[in-house]
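Here is how the chains run, residue by residue.
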Amino acid sequence: MFRFIKEWDKLAMWKQLGFPLNEATAVKIDSITSFLVTPPSLMNTCIENIRHYLHAQPELSNQEKHTAAFIVNCLQESGAKRIITGLGGYGVAGVFSGLETGTRVMLRAELDALPISERGEEREWCSQNEHVAHSCGHDGHMAILLGIAKRLACTPPTRGEVVLLFQPAEEIGTGASAVINSEKFDTSLYPDVAYALHNQPGRPFGEISIREGAFACASRGMIVRLYGRCSHAAHPEQGLSPVRTMRHLLEELEQLPQRLFPSEDLRLVTVVHAQLGEVRFGTTPGEAVIMVTLRTATDALMQPLVEAARESIERMTLETGLTYDIEFQDVFTAVFNDEQATKDVIHCAQKCGKMLSVLQAPNRWSEDFGVYSAVCRCAMFLLGAGEATSVLHDSAYDFPDALIEHGVEMFWALLNEQRLFDN
């Protein structure tokens with residue numbers, strides 16, 4: 001997991017950053033190296049430094065082994081009554097139980113990072129894993145749940161249960177389904193209500209934004225492969241090139257939403273990649289690949305869009321004699337916020353004195369939290385990360401430390417809303 005820094009690498013790194021190489025610098029280097037590779041204690045470390053540690057050690061979807069191990073140690077430190085591992089891969093749940101019966105509330109954070117090379121070498125906690133970075137802020141989301149764990153260590157619930165779920169593989173859309181389909185996610189873990197948040201750059205710092213019903217779009221990646229026949233470039237008539245079909249498909253797929261039945265809700269097709277043949281001047285192309293993202297405000301709108309895309313591909317390949325296949329990846333269901341759970345979030349935001357915004361339309365991005373609606377009432381909300389903050393998935397993005405307490409305060413208020421504690 002860790003990219004250990006050898007002594008001569010440390011000095012070279014520090015020199016490149018422009019620091020003088022003296023005795024004080026050597027001490028500083030050793031301190032940073034220790035910070036990067038030594039797991040901190042949850043109960044003896046400020047939550048901001050916990051986030052820095054997580055940020056420096058990112059892991060990709062379904063590879064979150066060491067992150068999960070660190071989370072287990074933190075939950076053990078905070079006195080979780082039960083710790084369940086191996087949920088849908090490397091997922092971890094910590095259960096904090098009261099002595100009396102009551103509501104079981106689940107709070108969810110994500111374990112995984114993105115395949116991005118981070119810009120931010122000036123930060124001591126910059127990613128230590130090549131081409132992997134927490135550019136979506138999942139390190140901050142985990143830190144918020146661990147902040148709740150620290151509070152529960154001092155103030156355990158009187159009644160009911162709190163389930164802190166650290167979910168794998170959110171970025172590729174498979175983690176939530178894998179968790180609820182896991183044999184370990186049984187009725188002893190099924191929550192009565194589940195909450196999640198996502199940081200949102202571009203919105204006022206600390207603002208809570210939410211809407212009832214459709215909250216985040218359904219989406220899926222569609223890969224279309226077209227098969228024809230190559231020929232010598234001097235005799236293109238002897239081949240079967242997919243170039244014209246590819247060109248027409250690129251235009252028609254993006255126009256599909258306008259050709260379907262009218263709807264006020266979002267339907268969008270975005271071309272994200274296209275490839276034709278090989279880089280050879282003597283050969284005509286025999287194959288092509290088109291990759292598009294289909295996006296709809298609700299799950300009900302997705303299937304008609306998928307079928308319309310299939311029909312266009314079938315018709316065009318039939319006309320030109322090509323064959324094709326279709327593959328789907330990164331399939332996300334829509335996030336649908338429950339009425340009462342949404343009211344709980346709004347009430348807690350008001351009680352905590354937060355800025356509050358009721359969204360007029362679903363967010364265009366996708367999140368797999370909606371899968372948990374199959375087992376309980378759910379609500380997801382946005383936590384504004386500041387209007388000047390780098391956008392999500394930008395290689396320079398770094399979750400603001402000051403935002404952690406805002407998230408902890410909201411989740412703690414939601415636990416109190418369910419009357420898990422004595423006043």
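Worth saying up front: this structure is predicted, and the values here are computed from it rather than measured. (Residues numbered from 1 in each chain as written. Predicted model: local features only at pLDDT ≥ 70, side-chain atom pairs only at ≥ 80, totals over all residues. Heavy atoms only, no water.)

Some details on the domain arrangement of the protein
Partitioning the protein into domains gives domain 1 (37–216 + 334–418) and domain 2 (218–332). On a C-alpha basis, the centres of domain 1 and domain 2 stand 36 Å from each other. Opposite the 13 residues of domain 1 that make contact, domain 2 presents eleven residues. Overall, the association of domain 1 and domain 2 removes approximately 870 Å² of surface from exposure, summing both partners, and the carbon and sulfur fraction of that is 54%. Across the domain 1-domain 2 interface, the total number found is zero salt bridges. (Domains from an automatic or database assignment. Contact = heavy atoms within 4.5 Å. Buried area = accessible area lost by both parts, 1.4 Å probe. Salt bridge = Lys/Arg side-chain N within 4 Å of Asp/Glu carboxyl O.)

Overview of the side chain of Q200
Residue placement: Q200 occurs in strand β5 (residues 193–200). What makes Q200 buried here is its relative accessible area of 15%. The contact partners of Q200, leaving out residues within four places of it in the chain, are W365, L382, L383, G384, A385, G386 and L392. (Helix = DSSP H or I, 4+ residues; strand = E, 2+ residues; numbered from the N terminus. Buried < 20%, exposed > 50% of the residue type's maximum accessible area, 1.4 Å probe, protein only.)

Overview of the sheet that holds strand β3 (residues 100–110)
Pairing within the open sheet is mixed, and its eight strands lie in the order β1-β2-β4-β3-β5-β14-β6-β13. Each of the sheet's edge strands pairs with one partner strand only, and the pair in question is β1 (82–87) and β13 (356–358). When strand polarity is set aside, the average angle formed by the axes of neighbouring strands in this sheet is 20°. Where β5 meets strand β14 (residues 377–384), eight bridges bridge the pair, whose relative direction is parallel. Opposite A196, over in β14, you have M380 as the bridge partner. Across the face of the sheet, helix α10 (residues 403–417) comes into contact with β3, β4 (159–167), β5, β6 (208–210) and β14 while running at roughly 155° to β14. (Pairing = 2+ DSSP bridges. Axes fitted to C-alpha atoms, helices over the stretch in contact; angles between N-to-C directions.)

Considering the confidence of the model for the protein
Taken as a whole, the protein shows an average pLDDT of 92; of its residues, 91% reach a score of 70 or greater. For residues 1–21, every residue scores under 50 in pLDDT, and the model assigns this stretch 34 contacts once sequence neighbours within four places are set aside. Confidence over residues 23–32 falls short of pLDDT 50; this stretch has eleven contacts with residues more than four positions distant or in other chains. (pLDDT = per-residue confidence, 0-100.)

Things to note about the environment of T174
Inspection of the secondary structure puts T174 in the loop between β4 and α6 (175–180). T174 sits 226 residues away from P400 along the chain, and the two C-alpha atoms are 27 Å apart. If we ignore the near neighbours within four places in the chain, the residues touching T174 are N62, A169 and D368.

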